[in-house]
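Overview (structure and organization)
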Amino acid sequence: MHKIADVEIQHDIMVANRKLARQNQRIMDQKEVFSVDVLGAIGSGKTSLIEKLIDHMDQKIGVIAGDVISKYDAGRFESHNVPVVGLNTGKECHLDAHLVEHALHDLPLEEIDLLFIENVGNLICPVDFDLGSHLRMVVISVSEGDDTVEKHPLIFQDADLVVINKVDIADAVGASVEKMVDDVKQLNPDVQVILSSLKLGKGLDEIITAIESYIGKK
Amino acid sequence: MHELSMAQAIVDTVLDAAKKNDAQEILEVTVEVGKLTMLNPEQLKFLMDIITEDTLLENAELIIEEIAVEIKCSSCDFKGKASTEGSDHYLTIVKCPECGERNVEITKGRECNVKNIRIEKVDEDA
Ligand SMILES: Nc1nc2c(ncn2[C@@H]2O[C@H](COP(=O)(O)OP(=O)(O)O)[C@@H](O)[C@H]2O)c(=O)[nH]1
Ligand SMILES: [Mg+2]
Ligand SMILES: [Zn+2]
Ligand SMILES: [Zn+2]
Ligand SMILES: [Zn+2]
């Protein structure tokens, strides 16, 4: 005979990821590594910014290159002589805590004070997946259009630090930087917003100061 | 946006539980999906249909229960259902219904919870 049974499962896949993320943070805390998740659309300047930070910050830096084209980005980071792990996300639209856990095992954490995690170029999906980083930095650029903030509210509500890059070409692409800043402030009144042009070197010092103050607060 | 990997994670979770409970067939699966996740329930259902072919889940009915957004307001201490606006769920703007503040802590609405399953198994007492 057969019978029908109801089985309670209550397994939240999002919570499973968050648990792994907390575990990642514990691993990094033990090794005294401060980590920054760098989010933003493809081409906003994530890799360029991390490269500049490697060159201008005093910390011993490591990088997890997680964008879909991570091989190419990883090569760019390696040329700055820092430890790099490229994550092959395939067609995946975001990094998750499990992928990052693997990368942490492959990095010489004892030799790293500050770890940048370049997320997949996407302003939507990474919202669902905590990685365990200490700081979430969103990098957008004026060339994505000045409505990019209002189109992706959640990622800005979650952000600790927002960089609006490529202000050098704002006029050329007809984007209002003020509108972008206002939109961020509406969603997340307390977040620090920094305008930058990595091309001209503008805003870099401010970004470094902001990251260092977060490291200090930890 | 990542419905396929989520569908796969749901299927793995369900098959694992089914095995532990000696299920011969899975009749029903209930999944709770928060309104703020980047998951489209319709697409999730569609993909589950495809990837469960030739598994114990092949004929199961998938029930998706949407979970409303709940918040804790940072300025007025309101706790409960948020007011949400936006043309589709990727664009949801979450606000406090009391004071209109957007600076809120989201306490519900981000889950993808495999809640329970209904299975058919051999009745050992019979
Ligand atoms: N005009 C301008 N171009 C920039 C700026 N920052 C980065 N870029 C260019 O934007 C392109 C994409 O940058 P990249 O760092 O690869 O973006 P990612 O996809 O976010 O990692 C590259 O060609 C950069 O040289 C900037 O401030 N101004
Ligand atoms: Mg890049
Ligand atoms: Zn693994
Ligand atoms: Zn996705
Ligand atoms: Zn309120």
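Anything mentioned here points back to the structure above.
All of the points below concern the structure found in this document. From a predicted model like this one, the values you see are computed outputs, not experimental measurements.

Regarding the coordination of the magnesium ion (ligand 2)
Ideal geometry at a metal centre gives angles of 109.5 degrees when four donors are arranged tetrahedrally and 90 or 180 degrees when six donors are arranged octahedrally. All names here are of chain A. Donor atoms from the polypeptide that coordinate the magnesium ion (ligand 2) comprise Thr47 (OG1), Asp73 (OD) and Glu118 (OE), at 2.1 to 2.3 Å from the metal. Sequence spacing of the donors to the magnesium ion (ligand 2): T-x25-D-x44-E. With a gap of 26 residues between them, threonine 47 in helix 2 (residues 46-56) and aspartate 73 in helix 3 (residues 70-78) connect regions that are remote in the sequence. Both residues of the pair, threonine 47 and aspartate 73, belong to the buried class.

So, the sheet that holds strand 8 (residues 192-195) of chain A
All names here are of chain A. As summarised here, the arrangement of the seven strands in space is 4-3-5-2-6-7-8, forming an open sheet in which the pairing is parallel. Each end of this open sheet is capped by a strand with a single partner; those strands are strand 4 (84-86) and strand 8. Here the average twist between neighbouring strands, direction ignored, is 20°. Here strand 2 (residues 34-39) pairs with strand 5 (residues 114-118) via five bridges, running parallel. Directly across from aspartate 37, in strand 5, lies its bridge partner isoleucine 117. Across the sheet, helix 2 lies against strand 2, strand 3 (61-65), strand 5 and strand 6 (135-141), angled at about 165° from strand 5, the strand it touches most. Of the strands in this sheet, strand 3, strand 4 and strand 5 touch helix 4 (residues 97-105), which is tilted by about 140° from strand 3.

Remarks on the packing of aromatic side chains
Here the structure, examined in full by the defined rule, presents zero aromatic pairs over all chains. Above the face of the A:Tyr214 ring, A:Lys217 is positioned so that its terminal group lies 4.4 Å from the ring centre.

Let's talk about the site of ligand 1
Residues and elements named next belong to chain A. Not every one of the 17 residues close to ligand 1 is listed here, only the nearest: Gly43, Lys46, Thr47, Ser48 and Leu198. Within the backbone of glycine 45, an N or O atom sits 2.9 Å from an oxygen atom of ligand 1. Between ligand 1 and lysine 166 there is a distance of 3.1 Å, counted from an oxygen atom to a side-chain nitrogen or oxygen. Protein contact buries 73% of the 580 Å² of open area that ligand 1 shows by itself. Partitioning the shell around ligand 1 into residue classes produces four nonpolar, seven polar and six charged.

Structural notes on the coordination of the zinc ion (ligand 5)
Residues and elements named next belong to chain B. Bound to the zinc ion (ligand 5) on the protein side are Cys73 (SG), Cys76 (SG), Cys96 (SG) and Cys99 (SG), at distances that span 2.3 Å. Angles of 105 to 115° at the metal separate the four donor atoms of the zinc ion (ligand 5), which places the site in the tetrahedral class. Within one chain, the residues donating to the zinc ion (ligand 5) are spaced in sequence as C-x2-C-x19-C-x2-C. Given the relative accessible area of 2%, cysteine 96 is considered buried. In this structure cysteine 99 comes out as partly exposed when scored by relative accessible area, which is 40%.

Criteria and cut-off values
- Residues numbered from 1 in each chain as written.
- Chains lettered and ligands numbered in written order.
- Predicted model: local features only at pLDDT ≥ 70, side-chain atom pairs only at ≥ 80, totals over all residues.
- Heavy atoms only, no water.
- Donors = N, O, S within 2.8 Å, 3.2 Å for Na, K, Ca; no water.
- Helix = DSSP H or I, 4+ residues; strand = E, 2+ residues; numbered from the N terminus.
- Buried < 20%, exposed > 50% of the residue type's maximum accessible area, 1.4 Å probe, protein only.
- Pairing = 2+ DSSP bridges.
- Axes fitted to C-alpha atoms, helices over the stretch in contact; angles between N-to-C directions.
- Contact = heavy atoms within 4.5 Å.
- Phe/Tyr/Trp six-rings, centres within 6.5 Å; stacked < 30°, edge-to-face > 60°.
- Lys NZ or Arg CZ within 6 Å of the ring centre and 35° of its normal.
- Near = heavy atom within 4 Å.
- Polar contact = N/O pair within 3.5 Å; in protein donor to acceptor, adjacent residues only side chain to side chain.
- Areas by Shrake-Rupley, 256 points an atom, 1.4 Å probe, with all protein chains shown as cover.
- Nonpolar A, V, L, I, M, F, W, Y, C, P; charged D, E, K, R; others polar.
- Tetrahedral: all angles 85-135°; square planar, octahedral: opposite > 155°, others 65-115°.

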